[in-house]
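Read off the chains here:
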Amino acid sequence: MKTPAGKDAIKRITTHYIDGAFVESHGQEVMDIIRPTDGQLIARATLGDEEDTRRAIAAAKRAFATYGRSTKEERANILRRLHEAASARIDDLTAAMVEEYGGVVQFARPIVESGVNAFLASQKALQELPLTRSWGKTTVTLEPVGVAGLITAWNANALFICLKLASAVAAGCTVVIKPSELSSLQTRVMIEALHKANLPNGLLNVVTGLGNVVGAELTRNPDVAKISFTGSVAVGQMIMRDGAETMKRVTLELGGKSPTILLDDAPLDQAIPSALVMAFLNSGQACAAGTRLLVPKSRIEAVKRGIREAMRAFTVGDPADPKTAIGPMVSQKQYERVQSYIRTGIEEGAEVLVGGEGHPEGLDAGYFVKPTVFANVKNDMAIAQEEIFGPVLCVIAYESEDEAIRIANDSKYGLHGAVLGTDLQRARRVASQIRSGRVVINNMTDDPQAPWEASNTPASAVNTASTGSKPFLKPKRSSKSKETLS
């Protein structure tokens, strides 16, 4: 990363990471990196093109010829080295997320730490997962699929890179990562860290560029066997369609409009702060954010009072301040998107309980929005059906438990859900009926050994999360039966 002299010098990123080295970009398009807290230019990144991507894929293919035959012990050793290398830069990774993305430090550091710890979680999964099973005269072996294209989102760059890379490495795959171009500074710090792990050349390759250039080449290229994508529904649909041309395996983690069902036995002094934390997770820029709060009609007024009171703790401001709960939106475009939805909610007749249009007082310079809670929301309103990706919460009343479940499932999304209540048996019964890849009860904790149905296809699993290596493995059957031999 080239940096001119001077305290406020603009950083310049001109390289990608291919075949174990930082190499100058063949692509020439340059993107400005804008600090979201004040709108100032802080860096310029040269974006990769199809040629950069093909070079990275070729390096990964060469490396797979050897790494694809690696043992569990060899993979576990690499995962340990990756964890050690990334752990040494946790402070730098956190600082980069705060500056480039505007992630509040109280969220940024735990999310970076979760990503770094994914290497150990995958190592544990690798050790516990039997790669070979036999019965009778048959043996089934789980084998790596090949080169994996890992396309990550901008809202938790370190987490996504580490999660996907750890799973691929554990499975014996080599990778080409296409991180979001909005995360160029964060990516550079991460790759500098991982470079210290002394990986086999070509195991890890990173090309930063646009989705319709670098991402499209990964999706089309026949030498890429697997795509793991985190991002929007529209792009996910395109990847699934285009990947079918070369029969790729595809894993998609897309958007969310996640329901949080507050049951009538939930203590409001605990449930309301929990619901708000889930709603405003990562300043609302999180696919798993609980942006629909379903409340018993009999308790709606008490909940509204509780929200007004609890929102005093959700301060907006400098993301580097540990007391700040909500930072800026990632870009001017995202700021305008959130403002548009707030206006739409008002036009649809929802009640603005907290927040509203415009910047918070004293924060006009950056991409800050007022954290907004709408009450009297109907589930067919645009603000209840469409992913806003900002600090906007919809409070929806329900008459009965059955109606709450129906409303929760009345969505095109199926990523995440939550249930808040005192009776855990009842809460689990309700959770089991939410058609979502993950459902949590009374908290937002993760189990890194549990799977996460990371797609918009409805599926139920209680309190689960994804770091496993299975998506990068394929079963291979062999038979010792004499009748099958030619």
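Quantities reported herein were computed from a predicted structural model and do not represent experimental measurements. (Residues numbered from 1 in each chain as written. Predicted model: local features only at pLDDT ≥ 70, side-chain atom pairs only at ≥ 80, totals over all residues. Heavy atoms only, no water.)

The next subject is the pairing of strand 4 (residues 30-35). In the sheet, strand 4 pairs with strand 5 (residues 40-46) via six bridges, with the strands oriented antiparallel. Residue isoleucine 34 lies in a different strand from strand 5, and its bridge partner there is leucine 41. Linkage of strand 4 to strand 5, two consecutive antiparallel strands, is achieved through a turn of four residues, within which glycine 39 is found at a positive phi near 75°. (Pairing = 2+ DSSP bridges. Helix = DSSP H or I, 4+ residues; strand = E, 2+ residues; numbered from the N terminus.)

Assignment of secondary structure puts isoleucine 42 in strand 5. Classification of isoleucine 42 as buried rests on a relative accessible area of 9%. As a C-alpha pair, isoleucine 42 and lysine 11 span 31 residues in sequence and 6.4 Å in three-dimensional space. Every residue in contact with isoleucine 42, bar those within four places of it in the chain, is listed here: Ala9, Ile10, Lys11, Ile33, Arg35, Glu99, Glu100 and Leu185. (Buried < 20%, exposed > 50% of the residue type's maximum accessible area, 1.4 Å probe, protein only. Contact = heavy atoms within 4.5 Å.)

As a further point, take the packing of aromatic side chains. Per the counting criterion, the structure on display carries four aromatic pairs. Seen from their ring centres, tyrosine 101 and tryptophan 154 are 5.8 Å apart, and the 50° between their planes marks the pair as tilted. Placement of tyrosine 101 in helix 3 (residues 90-101) and of tryptophan 154 in the loop between strand 8 (147-151) and helix 5 (157-171) is noted, with a sequence separation of 53 residues between them. Each member of the pair, tyrosine 101 as well as tryptophan 154, is classed as buried. One aromatic cluster in this structure is built from Tyr101, Trp154 and Phe389. The positively charged end of arginine 188 is found above the aromatic ring belonging to phenylalanine 22, 4.3 Å away from the centroid. (Phe/Tyr/Trp six-rings, centres within 6.5 Å; stacked < 30°, edge-to-face > 60°. Lys NZ or Arg CZ within 6 Å of the ring centre and 35° of its normal.)

Taken as a whole and judged by the stated rule, the model has 27 salt bridges. Salt-bridge contacts for aspartate 91 lead to arginine 109; the nearest nitrogen and oxygen are separated by 2.6 Å. Highlighted residues: aspartate 91 in helix 3 and arginine 109 in helix 4 (residues 105-128), separated in sequence by 18 residues. Of the residues examined, arginine 109 reaches a relative accessible area of 31% and is grouped as partly exposed. Note that glutamate 309 is salt-bridged to arginine 312, the shortest N-O span being 3.3 Å. (Salt bridge = Lys/Arg side-chain N within 4 Å of Asp/Glu carboxyl O.)

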